[in-house]
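Structural characterization, general
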Amino acid sequence: MINILLPTDFSENAWHAIEYALDLYKNDTCNFYIINSFDQPGSSGYMGVTSVMAKESIYNAQVENSKNGLRDVLDKINATYSNENHKYKCLSIFKSFSSAVKKVVKEFDIDCIVMGTKGAGALKEITVGSNTSSLIGVVNCPIIAIPKYAEYKAFKEIGISTDFDISFTEKGLSPLLDIAKSNEALVSVCHVMDRAKKLTQSQDEKKEALKVLINDFSAGYFTLTGIGVSTGVRAFVQSRKLDMLCVIAKEQDFLKRLLNQSYSKSISHRANVPLLILNIKNF
């Protein structure tokens, strides 16, 4: 049984991510937790509101809107999809987005978060936001960010971008390998050497370890030199016509470098490639 978290703000992008998740996991037995969170007192939604009665009125309206919105989402799913292996639970949570996600991930042992790159789960908010709003490094489960125009199709090839500075483990790579296996997809590896001229001994050893782990899925190893990371990864995605790109969130600075604004636009809006973000803590 796979536990999938689907955050929604009831936007078109959020619904698109939900559809993508249902298609991606159509052959798996899953519990889908559909959550909607709304602001706490003192947040932007309550600016200028001082009356206790007024705050209570706003809160009650938000609760009603959240529950009605979730009911509509569930009705839409039931009208559009029929899968006896899928079960759904809707959660309306009175917390900030990141706090709500962390709560549900822990309480329901979430295996993966699938969300859109716009709307309540903007990719920038997830990956490069402030420490209080960022999920990277806070939630251990992988995150799959779905671009607005990404259309689900059976994967042929998934790419992983790495600098070979990570001690790869089967546990850490399991989200990637599980998706590759269920889709009978190949996995290709990209390393962008924008500064160094060759791999260190440690990097070579880690590369060999990675080869062993993805041996059954390998589509090859590609090294790009004399080019920036963002440009190099973009070229890798487009030239290989990847169906998904996997990155490992080693640290915030690394992810900021990889997922800067121009890169996000290129990958998410032009190539329309879903992004699988793994947490270094699981390696």
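All figures in this text were calculated on a predicted structure; none of them were measured in a lab.

**With respect to the nonpolar core**
- Membership of the largest hydrophobic core comes to 44 residues, with the highest contact counts inside it found for Tyr-25, Val-114, Ile-144 and Leu-173.
- Tyr-33, Ile-143, Cys-190 and Val-247 belong to the second-largest nonpolar core, a separate cluster that totals 31 residues.

**Digging into the packing of aromatic side chains**
- Evaluation of the coordinates by the stated rule reveals nine aromatic pairs.
- On the basis of an interplanar angle of 35° and a centroid distance of 5.4 Å, the ring pair of Phe-38 and Phe-94 is categorised as tilted. Taken together, the positions of Phe-38 in the loop between strand 2 (30-37) and helix 2 (52-80) and Phe-94 in the loop between strand 3 (86-93) and helix 3 (97-107) put the pair 56 residues apart, joining distant regions of the chain.
- Given a relative accessible area of 9%, Phe-38 falls into the buried group.
- Look at Phe-94 and you get partly exposed, because its relative accessible area is 30%.
- In this structure an aromatic cluster arises from ring pairing among Tyr-20, Tyr-152 and Phe-155.
- Here the basic side chain of Lys-211 rests over the ring of Tyr-221, its NZ or CZ set 5.3 Å away from the ring centre.

Conventions used here
- Chains are numbered independently. Their residues run from 1 in the order of the written sequence.
- At least 70 in pLDDT is required for a residue's local features to be given in this predicted model, at least 80 for side-chain atom pairs to be given and counted, and no such filter applies to totals for whole chains, interfaces and linings, which use all residues.
- Water and hydrogen atoms were dropped before computing side-chain values, which therefore reflect all heavy atoms in the structure.
- Joining through side-chain atoms within 4.5 Å is the link that ties buried Ala, Val, Leu, Ile, Met, Phe, Trp, Tyr and Cys residues into a set, and such a set is a nonpolar core.
- Only protein chains enter the calculation, and the probe is 1.4 Å; a residue is then buried if its accessible area is under 20% of its type maximum, exposed if over 50%, and partly exposed in between.
- Aromatic contacts are taken between Phe, Tyr and Trp rings whose centres are within 6.5 Å, Trp giving its six-membered ring; a plane angle under 30 degrees counts as stacked, one over 60 as edge-to-face, and the others as tilted.
- Where helices and strands are cited, they refer to DSSP runs of H or I of at least four residues and of E of at least two residues respectively, numbered from the N terminus.
- A ring is scored as having a charge over it whenever the NZ atom of a lysine or the CZ atom of an arginine sits within 6 Å of its centre and within 35 degrees of its normal.

Any functional reading would require information that these geometric values do not contain.
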